[in-house]
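Structural overview
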Amino acid sequence: MADENTIETPEVTGDIAGDAGEAQGRRGRGRGGNREGGERGRGRGGRDDRRGPKQEEDDGIIEKLVHINRVSKTVKGGKRFGFAALVVVGDGQGRVGFGHGKAREVPEAITKATAAARKKMIRVPLKEGRTLHHDGNGRFGAGKVTVRTAPPGTGIIAGGPMRAVFESLGVADVVTKSVGTSNPYNMIRATFDALTDQTSPKSVAQRRGKKVADLLGRGGASAAEAEADAAAIAE
């Protein structure tokens, strides 16, 4: 004799499982998933895993933000605002570059400017790894700059945009002067114009087919002093 409170669990359980599976399938398809109820987000995560984790660059490059400017573009519906960034990068050992980028947001503009600066890095020969080999002049547009070598302990005597260049370059002693404009873009380009003209005694000697001591000894120095100075020169 069956009890009145007995429930036929197999049939009820099967109906519940079927309804739950059908509902889960509908929810999965509504979310963009597959027939098994998988979600789209998990699928995208799997593809990213196959590509490999994104590795952040940590190569010792010094990045300095020089200037941020808000720019606008007039369109049919009004004005569209964005940002322009000027960035200087360097390794602190004689390589430096600059770049600028525009975007709707500041971080994206800085990222674009940094990527552009990394692609246009130049190498500048340094005297004793701390200063320039000789004086130089640079010009771009209305900007005129003068860079001069300095003895140890002088420090970086330069303005804001030019200071960022020499700090990224790795120069410890230099004296500079900017005349004609305070536009950071023109100042940076004029500074790079002066740096590209920098040469070292070693490169000049190789180009002329001579020894470094021969070039250094022409100023009245003795042969021993010229040899010592030539041995101390390092780009």
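So, here is what we can say about the structure in this document. (Residues numbered from 1 in each chain as written. Predicted model: local features only at pLDDT ≥ 70, side-chain atom pairs only at ≥ 80, totals over all residues. Heavy atoms only, no water.)

**A few points about the pattern of salt bridges**
As a working rule, side chains carrying opposite charge can pair if their charged atoms are close by. Within the structure shown, the criterion is met by six salt bridges. Glu167 is paired through a salt bridge with Lys64; the nearest N and O atoms lie 3.2 Å apart. Residue Glu167 is located in helix α4 (residues 160–169), and its partner Lys64 is located in strand β1 (residues 62–75); the two are separated by 103 residues in the primary sequence. Assessed through its relative accessible area of 24%, Lys64 is described here as partly exposed. Here Arg163 ties to Glu167 by a salt bridge, and the two come within 3.7 Å at their closest N and O atoms. You can see Arg163 and its partner Glu167 sitting in helix α4, four residues apart, about one turn around the helix. (Salt bridge = Lys/Arg side-chain N within 4 Å of Asp/Glu carboxyl O. Helix = DSSP H or I, 4+ residues; strand = E, 2+ residues; numbered from the N terminus. Buried < 20%, exposed > 50% of the residue type's maximum accessible area, 1.4 Å probe, protein only.)

**Details of the sheet that holds strand β7 (residues 156–157)**
Strand order in this open sheet of four strands is β5-β6-β8-β7, and the pairing throughout is mixed. Each edge of the sheet is formed by a strand with only one pairing partner; in this case those strands are β5 (136–140) and β7. Of the strand pairs in this sheet, β7 and strand β8 (residues 174–179) are connected by two bridges, and their pairing is parallel. The residue bridging Ile156 from the neighbouring strand is Val174, located in β8. (Pairing = 2+ DSSP bridges.)

**Description of the nonpolar core**
In terms of nonpolar packing, the biggest core is built from 25 residues, with Leu132, Phe166 and Leu169 touching the most fellow members. When residues of this core are traced back to their parent elements, those giving at least two are β2 (78–90), β3 (95–103), β6 (143–149), α4 and α5 (184–196). The element contributing the most residues to this core is α5, with seven residues. Leu132 has contacts with Val124, Leu126, Lys127, Val147, Thr149, Phe166, Val171, Val174, Leu195 and Gln198, leaving out every residue within four places of it along the chain. In this structure, Val89, Ala109, Ala117 and Met121 belong to the second largest nonpolar core, which totals nine residues. (Core = buried A, V, L, I, M, F, W, Y, C linked by side-chain atoms within 4.5 Å. Contact = heavy atoms within 4.5 Å.)

**Thoughts on the packing of aromatic side chains**
Applying the stated criterion across every chain, the model contains one aromatic pair. With 4.9 Å between their ring centres and 55 degrees between their planes, Phe98 and Phe192 make a pair best called tilted. Placement of the pair is Phe98 in strand β3 and Phe192 in helix α5, with a sequence separation of 94 residues. On the basis of relative accessible area, Phe98 is assigned to the buried category, the value being 13%. Judged by its relative accessible area of 7%, Phe192 is buried. Here Lys120 stacks its cationic end above the ring of Phe98, 5.0 Å away from the centre of that ring. (Phe/Tyr/Trp six-rings, centres within 6.5 Å; stacked < 30°, edge-to-face > 60°. Lys NZ or Arg CZ within 6 Å of the ring centre and 35° of its normal.)

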